[in-house]
Structures are given as C-alpha cells and as structure tokens.
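# Report on the structure
These are the residues of each chain, in order.
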Amino acid sequence: MNDALIILSIIGLLFSAMYVYSYSSEYLAERKLRAIEKRQLQKEVQINEQHALKEKIISEKYEKLQQRSNEIKAEFERLSQFRQNVFQKHSLKNKNNNVNIA
C-alpha cells in the first residue's frame with residue numbers, strides 16, 4: 001500500500017510539473033509582452049516630453065524674434081519721424097531765408 005501511495009504521489013507530481021511547464025511559457029511570454037509594452041509607453045512619453053520641450057524653445061525664440069522685430073519697426077518709425085521733423089525745420093529755414101533775401 002505504501003508503494004502505491006508513493007507511485008500515485010509521483011504521478012501527481014509529474015502531472016503538476018507538466019501543467020506548470022506548459023503554462024509557464026505562456027506566462028513568461030505574457031510577462032515579456034507587458035515589459036515590451038511598458039518600455040514602448042515610456043519611450044512615447046519621453047518622446048512627447050522632448051517634443052513639448054522643443055516646441056517651448058521654438059515658441060520662446062519666436063517670441064524673442066517677434067519682440068526684436070517690433071523694436072526695430074518702432075526704431076525705424078522714430079527715425080522716420082525724426083527725418084520728417086528735420087526736413088520740415090530745414091524747409092522752414094529755407095522759406096525764411098528766401099523771404100529775408102527778397
């Protein structure tokens with residue numbers, strides 16, 4: 001009787017080992033797939049962060065360029081006004097000189 005219990009327990013261990021072996025490959029494949037998906041998700045997040053950072057840098061540069069452009073336009077406008085004032089004063093002096101000469 002003892003030999004029969006030993007043989008049954010060995011057969012039970014054999015079947016349970018076969019069961020674990022057959023499903024372990026599926027478990028490992030699923031685990032590997034989850035790890036790959038996790039890495040891909042991390043890469044996507046990192047790429048999105050880098051993309052957002054680049055867009056922020058580009059936006060800041062564009063704002064600086066736009067601000068400088070506006071400053072240059074304002075300076076040209078100021079110089080244009082200055083030039084007009086100088087020509088107006090010069091033309092008034094010439095009119096006054098022409099009146100004095102005549």
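Quick look at the structure, then. (Residues numbered from 1 in each chain as written. Predicted model: local features only at pLDDT ≥ 70, side-chain atom pairs only at ≥ 80, totals over all residues. Heavy atoms only, no water.)

### Some points on the overall build of the protein chain
The helix and strand tally for the protein chain stands at one helix and zero strands. Relative to a compact globule of 102 residues, whose C-alpha radius of gyration would be 13 Å, the protein chain shows 44 Å and is clearly more extended. For the protein chain, the spread of C-alpha atoms along the principal axes amounts to about 150 × 15 × 5 Å. Here the protein chain, with 102 residues, has 0% of them falling under the buried criterion. For the protein chain, the exposed area adds up to about 10200 Å²; of that, 61% sits on carbon and sulfur atoms. A distance of 17 Å separates the average location of the 17 positive side-chain charges in the protein chain from that of its 12 negative side-chain charges. (Helix = DSSP H or I, 4+ residues; strand = E, 2+ residues; numbered from the N terminus. Rg over C-alpha atoms; globule rule 2.2 N^0.38 Å. Buried < 20%, exposed > 50% of the residue type's maximum accessible area, 1.4 Å probe, protein only. Areas by Shrake-Rupley, 256 points an atom, 1.4 Å probe, with all protein chains shown as cover. Lys, Arg positive; Asp, Glu negative; His and termini not counted. Charge placed at Lys NZ, Arg CZ, Asp CG, Glu CD.)

### Notes on the environment of Asn 85
Relative to the helices and strands, Asn 85 resides in helix α1 (residues 2–101). When the C-alpha positions of Asn 85 and Glu 63 are compared, they lie 33 Å apart, and in sequence the two are 22 residues distant.

### Details of the pattern of salt bridges
Counted by the stated rule, this structure contains three salt bridges. Between Arg 68 and Glu 71 there is a salt bridge, with its nearest N and O atoms 3.4 Å apart. In this pair, Arg 68 and Glu 71 are both assigned in helix α1, three residues apart and thus about one turn of the helix distant. Of the residues examined, Glu 71 reaches a relative accessible area of 40% and is grouped as partly exposed. (Salt bridge = Lys/Arg side-chain N within 4 Å of Asp/Glu carboxyl O.)

### Considerations on the environment of Phe 15
Within the element layout of this structure, Phe 15 appears in helix α1. On the basis of relative accessible area, Phe 15 is assigned to the exposed category, the value being 51%.

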